[in-house]
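Here is how the chains run, residue by residue.
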Amino acid sequence: MKNLLGISFLNKEDVISILQTAKAYKEAFCKKAEFEKILRGKTVISIFFEASTRTRTSFEIAAKNLGGQVINIDTKMSSLKKGETVKDTVRNLEQMHPAVFVVRHPDSGFPLFLSRNTSIPVINAGDGTFEHPSQALLDLFTMWEIEKKMEGIKLSIIGDVLNSRVARSNIFLQRMFKNDVMVFGPQTMIPPQIEKLGVRIAKSLKEACTDRDFIMLLRIQLERKSRSSIPSLSEYYKYFALKEVGNAYLLHPGPVNRNVEIDDSLLCHPHSLILKQVENGVFVRMAIFHHLLK
Ligand code: CP
């Protein structure tokens, strides 16, 4: 592995190896054991062209846990604002000898483009509607912790599947393990021919929530295209929001829009794994650095 551009660039052995490393990091953390400082003397450059709370902080803590230093480029205050191209920006940053670029961008394919213009490894921290590989890896890690297996899992993904990089990465990853994936949402939010990716479309919210191990909710992306696909947020809540969870465990990549895709009361339900996902994200991202840089 030179880069982490998407789940579609990985194979099953890569994934199992990353998740086993993440498990070892989590066990060491819980025992308060020292980590081997594999990033000592190394610099991670984080370039986020889009807002982030979880992913950016999590990659930063992961790098620091491993002894690395992290530079966050403020894209609004960088010379990109003076007309410098991204290629030139990266060529200049490269001369400061970072070990890795962590990049988030609203355009699908941006990390791939970057990787073709630099010799430094690139980690995709979310690109447009394409992929969010570290999110899907931490989601599978969280499911593995609960179910003690990575295969034979029944997952429903509910919401704006069309515009969701989290959904795409999860579908690629879950299908790699031949897991049973069902999607549900307004027709305008389900991509045409999504069945070709090996998933089923539920006919109702009830079907999407019946006999499932995990229900993953997707945010209505107020800053992107979701809003034009539904009449109103209150209509969405009425017909598509999760209001009870049954026996399934609840996943959500965050940020959550309370009382839009999920009823407020479910956030602290005993089956909610939403904050567990955030906790696991640090260990999974440590494992990603490990596999790219050790
Ligand atoms: N899950 C996720 O990508 O969250 P952030 O946008 O806060 O990084």
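Summary of the structure given here.

About the thresholds
- Residues numbered from 1 in each chain as written.
- Predicted model: local features only at pLDDT ≥ 70, side-chain atom pairs only at ≥ 80, totals over all residues.
- Heavy atoms only, no water.
- Helix = DSSP H or I, 4+ residues; strand = E, 2+ residues; numbered from the N terminus.
- Rg over C-alpha atoms; globule rule 2.2 N^0.38 Å.
- Buried < 20%, exposed > 50% of the residue type's maximum accessible area, 1.4 Å probe, protein only.
- Contact = heavy atoms within 4.5 Å.
- Lys, Arg positive; Asp, Glu negative; His and termini not counted.
- Charge placed at Lys NZ, Arg CZ, Asp CG, Glu CD.
- Near = heavy atom within 4 Å.
- Polar contact = N/O pair within 3.5 Å; in protein donor to acceptor, adjacent residues only side chain to side chain.
- Areas by Shrake-Rupley, 256 points an atom, 1.4 Å probe, with all protein chains shown as cover.
- 1 Å grid on protein atoms, 1.4 Å probe; cavity = no way out; pocket = protein on both sides within 12 Å on 5 of 7 lines; lining within 4 Å.
- Sits in = over half its atoms within 2 Å of the grid points.
- Pairing = 2+ DSSP bridges.
- Axes fitted to C-alpha atoms, helices over the stretch in contact; angles between N-to-C directions.

## A few points about the overall build of the protein
No. 1: Of regular secondary structure, the protein possesses nine helices and nine strands.
No. 2: A globule of 294 residues ought to have a C-alpha radius of gyration of about 19 Å, and the protein, at 19 Å, matches this closely.
No. 3: Here the protein, with 294 residues, has 55% of them falling under the buried criterion.
No. 4: Across the protein, contacts joining residues at least 24 apart in sequence account for 73% of those joining residues at least 6 apart.
No. 5: The protein carries 41 positive and 31 negative side-chain charges, and their two centres are separated by 2 Å.

## Structural notes on the site of the ligand
No. 1: Taken together, Ser52, Thr53, Arg54, Thr55, Arg104, His132, Gln135, Pro253 and Gly254 form the complete shell of residues around the ligand.
No. 2: Contact between the ligand and Thr55: an oxygen atom at 2.6 Å from a side-chain N or O atom of the residue.
No. 3: Within the contact set of the ligand, a nitrogen atom lies 2.8 Å away from a backbone nitrogen or oxygen of Pro253.
No. 4: In the complex, the protein chains occlude 91% of the 250 Å² of accessible area that the ligand would expose alone.
No. 5: Comparing atom positions with the cavity grids shows the ligand to sit within the largest pocket.

## Quick notes on the sheet that holds strand E7 (residues 200–201)
The strands making up a sheet are joined through hydrogen bonds of the backbone, oriented either antiparallel or parallel.
No. 1: The five strands are arranged E7-E6-E5-E8-E9 in an open sheet whose pairing can be described as parallel. The strands lining the two open edges of the sheet, one partner per strand, are E7 and strand E9 (249–251).
No. 2: As paired elements, strand E5 (residues 154–158) and strand E8 (residues 214–217) share four bridges and run parallel to each other. Counted as the bridge partner of Ser156 is Ile215 from E8.

## Points about the sheet that holds strand E4 (residues 122–127)
No. 1: One open sheet holds the four strands; their spatial order is E2-E1-E3-E4, and the pairing between them is parallel. The open sheet terminates on both sides in strands that have one partner only, identified here as strand E2 (69–73) and E4. When the angles between neighbouring strand axes are averaged without regard to direction, this sheet yields 15°.
No. 2: Lying on the sheet, helix H3 (residues 86–94) is in contact with strand E1 (43–48), E2 and strand E3 (100–105); it crosses E3 at an angle near 155°.

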